[in-house]
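Close look at the chain arrangement
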Amino acid sequence: MCGIVGAVGFISPKEYVFKGLKMLDYRGYDSAGVAYFNEGIQIYKDVGSVEHLLTIVPEKIDTNIMIGHTRWATHGAPTKLNTHPHLSFHKRICLVHNGVIENFKELRSFLIEKGYSFYGETDTEIIANLIEYYYLQSGDVIETIKVVKPLIKGSYAFVFFTSDDPNTLYVLKKASPLVIGLGKGFNLVASDASPMIDYTNEFIELDDGEFGYVNKEDAVIFNKKGQKTIKDPISKDVELISHDLKGYPHYMLKEIEEIPQTIKRLISCYFQKGKYQFDKELLKDLNESDHIIFIGCGTSYHAGLVGGRYFEKYGKSASRFIASEWAFHPTYPGKKPFIIMISQSGETADLIHCLTIIKEHNLKNLIITNTGGSTLDRNCMYSLLLHSGVEVSVASTKAYVAQVTLLAMLAGALVNDKKVVDDLRESLDVVYDIQDHYKPLIMKVADEIKDKKNIFYLGRSFDYFLSLEASLKLKEISYIHSEAIPGGELKHGPIALIEKGIPVIVFITDPDTAASMRGNIEEVKSRGAKVYTIATKKLSRPEDTIMVEDYAYYLSSVAVSPIAFYLAYYVALAKGLNVDKPRNLAKSVTVE
Ligand code: F6R
């Protein structure tokens, strides 16, 4: 859940490293640090933002090697001492790390026996010292990596350099992403390609177990068996990895407004000349399976809830699980289960854990992800990309809509139901209408609810799934306690919480459940709740807050979710909060 960058061969790597850290700080923003070589290893690090770090480093830095790190604390509090880069005891190895070392306590004891001591509490500092310990014996870094690699249990992307050779960066990766950018007269590394795109469009994505080094001329990679290997560079779609805010004040707002483009891109990618464009083998495996299991975390789990219904609509049996629950109690009903995992980042540790189990049991599987080249993209049997462009804001918006859109199309493709595509196109009009006409009204509601301590969302069926997502979005960026309740469950307990003035936000877009939802509205209103109803025109009443155009109701997570996203955004904005980087969170959750 951290971001790492490195450069070698640049006349001045500072510009790239800081630009890169700013682009990657959505991966973690507790603290940040850089290290470079100039008459010895120089390290600057502190708690706080990359902007703050910039104020404490020298303005002019004379070096041609630099590494940087932006941290989301796992082992060890977010203190200056625990901030990366870490320097080894004898000051020979300087290292940054993304991931978690599971056996760091054993390694720590081993090093203490060898006379080492430590200044901080991190697992990363232990690895810097472990490398140093073996390096001092062999004097050869690559040989050292071969010895150290089998000793380390856990996930990692390491980048380091030695005080003996300030012209080489070493890299080593397992279960955390690491990409090399190939330049002319320089080479770069980073957690993803986005910081490097202004400098090169030739990338090498490291696979698990691979390691190697880069200097200003070369990038040398060894495979997991330790043999030198040649990897063909790949290029990236600049538009899809760009972090340009394009004039928006926040990434979240920009990403909400990119929702129509996201839907359109998915349609044009997976439906061409009147035909679905999914891999035939994938469709065959899905059709032959007798049970589909959807697994995800947070927002992606919510997309799986909706997706499950889509497959059920076409007669498939389906179940849905939160990845961290399934990982410790895996069940796979049916004789031929098929697993669909959903992950914006493709790097979520809980899902990677699930994938290990899925592979052990030889289960057919698919990942739906926004991140080509991610761990899940590369290791799942099938992968469908969301093509939504990088999602920087910690709160997922356009990726959620993309996940649901793609699931609707995939389910439709199973039985060649082309109406799904027409329905999606129709729902696009609703999204545009919301963007064009409802923002002032949503801002007004945001202003009314921003100081409330508790908020409830109500819905049934698809509107309940949407409520779950709306509620998660609101709580994570506005810090208001919020809960989504299925309308039918209200009287089974939660109604006890309804008191005078409490905001209850209700979605009524599903004709089958609309009448029951009207009953629920009366129940909470009569107990003093302030109700805000979002309904489709056909199901609306004059007193409703927002009435959107009608659409195929099973697509409410596509058509109406922007209302929920704008509301969360405007509440956080009205409270003066950091919309894109809410407290305690990080974009990629790479620890379990
Ligand atoms: C909420 C949010 C998270 C993620 C979750 C899974 O806005 O973004 O709940 O959905 O951490 O992340 P991915 O989809 O990357 O696996």
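To be clear, the structure that these remarks concern was listed above.
The following paragraphs examine the structure supplied in this document. (Residues numbered from 1 in each chain as written. Predicted model: local features only at pLDDT ≥ 70, side-chain atom pairs only at ≥ 80, totals over all residues. Heavy atoms only, no water.)

**Quick look at the overall build of the protein chain**
If you tally the helices and strands in the protein chain, you get 20 helices and 26 strands. Radius of gyration (C-alpha) of the protein chain: 25 Å, near the 25 Å computed for a compact globule of 592 residues. Referenced to the eigenvectors of the C-alpha coordinate spread, the extents of the protein chain come out at roughly 75 × 50 × 45 Å. The 592 residues of the protein chain split such that 61% are buried. Long-range contacts, defined as pairs at least 24 residues apart, comprise 73% of the intrachain contacts of the protein chain with a sequence gap of at least 6. Of the roughly 22400 Å² that the protein chain leaves accessible, carbon and sulfur atoms contribute 51%. Averaging the coordinates of the 67 positive side-chain charges in the protein chain and doing the same for the 73 negative ones gives two points 2 Å apart. (Helix = DSSP H or I, 4+ residues; strand = E, 2+ residues; numbered from the N terminus. Rg over C-alpha atoms; globule rule 2.2 N^0.38 Å. Buried < 20%, exposed > 50% of the residue type's maximum accessible area, 1.4 Å probe, protein only. Contact = heavy atoms within 4.5 Å. Areas by Shrake-Rupley, 256 points an atom, 1.4 Å probe, with all protein chains shown as cover. Lys, Arg positive; Asp, Glu negative; His and termini not counted. Charge placed at Lys NZ, Arg CZ, Asp CG, Glu CD.)

**Topic: the site of the ligand**
With respect to spatial proximity, 15 residues lie near the ligand, and among them S300, S343, S345, T348 and E476 are the closest. Measuring from an oxygen atom of the ligand, one finds a side-chain N or O atom of S300 at 2.5 Å. Of all the secondary structure elements, the ones that give two or more residues to the shell around the ligand are α10 (298-313) and α17 (462-478). Split into classes, the residues belonging to the shell around the ligand amount to 5 nonpolar, 8 polar and 2 charged. (Near = heavy atom within 4 Å. Polar contact = N/O pair within 3.5 Å; in protein donor to acceptor, adjacent residues only side chain to side chain. Nonpolar A, V, L, I, M, F, W, Y, C, P; charged D, E, K, R; others polar.)

**Re the sheet that holds strand β19 (residues 337-343)**
Judged by pairing direction, the sheet is parallel, and its 5 strands sit side by side in the order β18-β17-β19-β20-β21 without closing on themselves. On the outer flanks of this sheet lie β18 (318-322) and β21 (382-385), each paired with one strand and no other. Averaged over all pairs of adjacent strands, the angle between their axes in this sheet comes to 20°, without regard to strand direction. (Pairing = 2+ DSSP bridges. Axes fitted to C-alpha atoms, helices over the stretch in contact; angles between N-to-C directions.)

**A few points about the state of the cysteines**
Following the criterion strictly, the structure yields 0 disulfides and no others. In this structure C354 is not part of a disulfide, and its nearest cysteine sulfur, from C297, lies 7.3 Å away. In this structure C380 is a free cysteine whose sulfur lies 10 Å from that of C354, the closest cysteine sulfur available. Classification of C380 by relative accessible area gives buried; the value is 10%. (Disulfide = S-S within 2.5 Å.)

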